[in-house]
Each structure stands twice: as C-alpha cells, then as structure tokens.
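Remarks on the overall topology
Chain by chain, the residues:
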Amino acid sequence: MKRWCQQGNGALLMVMLLAAAGLLLMTGMQRQLDSTLSLTHDERRYWQTLLLAESSLQWGIGQVWLMGNRSDEQCFGYAAEGLRVCLRQVPGEHYMLLRGEGHLPRSSSVMVLYQRVVTIEPDGETSPLKPIAGGWLDFCPERQEAICGG
C-alpha cells in the first residue's frame, strides 16, 4: 500500500489566490472611493461659489449706488469675504443689471449671477436698489457682451 504524504501545496495555493482576489477587490474599491471623494469635493466647491455669488447680489442690493446719467459700470468688492458686485444701466430699459460674483480663494473658477434691479429713489444722486421680482438669473439676459461684463 502506498502512503500519500501531503505537502500543503494545495492549501498554500488556495490562500494565495484568495489573497490576490482580495487585493484586487480592495484596489478597485479604493479607486471608486477616490473618484467619489473627488466628485464630492467638486460639488462642495460649486455650492460654495454659488452661495458666494448669491451673497454678492444680496450685499450689492443693500449698498448705496451713484445714480444719474451713468453709462459706465460701478463695482464694489469685499475681498475678505470674496464678494464682488457690479451695477450697469441697460440701454433702453427701465431697469439696471446687477452682477454678483462668487470666487473661492485658491480657485480659478468664478460663479456669476445676475439680478434685474430698479432704484428706490430714482431722482436722487445716490440710491439703494430694489430687486425686480423674477429678475434673478444665472445667465446674462442681454445679447451684448459689454452689458454683462466680464
């Protein structure tokens, strides 16, 4: 009768195959986690710049602007908070266009929002602004690039 001596090669091979399969699964899951983290970071930056742009518009509406026959653009900035807002008269219209910008530090992207506004005191030299209902836009409503600014 022959005697079989087991050396353990089959068990060792099985353990190595399971370890390799586990390593492949963990590598795939790490890549998926990295891409999800990157997507979440991009979405977070988007919402932050959107909120800054909205804050710029609200801050700009509360400012007192020079009135009169002004055809140039007026701008205010609050660098500490990353706010910038500009006001321009739209030729041939009774309203003005307020442009709010949101910019995060260490980022090249800028979010720009627009609001149609009118003056509260149209005959005064300076005046606060009043937003027109339904006048908030995330695109420039005018065809002329010069009106929308940069």
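The notes below deal with the structure included here. (Residues numbered from 1 in each chain as written. Predicted model: local features only at pLDDT ≥ 70, side-chain atom pairs only at ≥ 80, totals over all residues. Heavy atoms only, no water.)

1. Some points on the overall build of the chain
Counting secondary structure elements, the chain contains two helices and seven strands. For the chain, the proportion of its 150 residues judged to be buried stands at 28%. For the chain, long-range pairs separated by at least 24 residues make up 46% of all intrachain contacts whose partners lie at least 6 apart in sequence. Approximately 11,000 Å² of the chain is accessible, and the part contributed by carbon and sulfur atoms is 58%. (Helix = DSSP H or I, 4+ residues; strand = E, 2+ residues; numbered from the N terminus. Buried < 20%, exposed > 50% of the residue type's maximum accessible area, 1.4 Å probe, protein only. Contact = heavy atoms within 4.5 Å. Areas by Shrake-Rupley, 256 points an atom, 1.4 Å probe, with all protein chains shown as cover.)

2. Here's the deal with the pairing of strand E2 (residues 74-78)
Across five bridges, E2 lies against strand E3 (residues 83-89) in antiparallel orientation. Directly across from Cys 75, in E3, lies its bridge partner Cys 86. Taking the residues that link successive antiparallel strands as the turn, the E2-E3 hairpin has four residues, and the phi of Gly 82 there is positive, at about 80 degrees. (Pairing = 2+ DSSP bridges.)

3. A word on the state of the cysteines
For the structure shown, the criterion picks out one disulfide. Here Cys 75 is linked by a disulfide to Cys 86, with a sulfur-sulfur distance of 2.1 Å. As the torsion about the S-S bond is roughly 110 degrees, the Cys 75-Cys 86 disulfide counts as right-handed. Of this pair, Cys 75 sits in strand E2 while Cys 86 sits in strand E3; the two residues are 11 residues apart in sequence, bridging distant segments of the chain. The exposure class assigned to Cys 86 is buried, which follows from its relative accessible area of 1%. (Disulfide = S-S within 2.5 Å.)

4. Observations concerning the pattern of salt bridges
Applying the stated rule across the entire model yields five salt bridges. A salt bridge links Arg 45 to Asp 42, with the nearest nitrogen and oxygen atoms 3.3 Å apart. Of this pair, Arg 45 and Asp 42 are both found in helix H1 (residues 9-61), three residues apart, which corresponds to roughly one turn of the helix. On the basis of relative accessibility, which here comes to 35%, the residue Arg 45 falls in the partly exposed class. Taking the shortest distance from any N to any O, the salt bridge between Glu 101 and Arg 84 comes out at 3.5 Å. On the criterion of sequence distance, the pair formed by Glu 101 in strand E4 (residues 96-103) and Arg 84 in strand E3 is long-range, its members being 17 residues apart. (Salt bridge = Lys/Arg side-chain N within 4 Å of Asp/Glu carboxyl O.)

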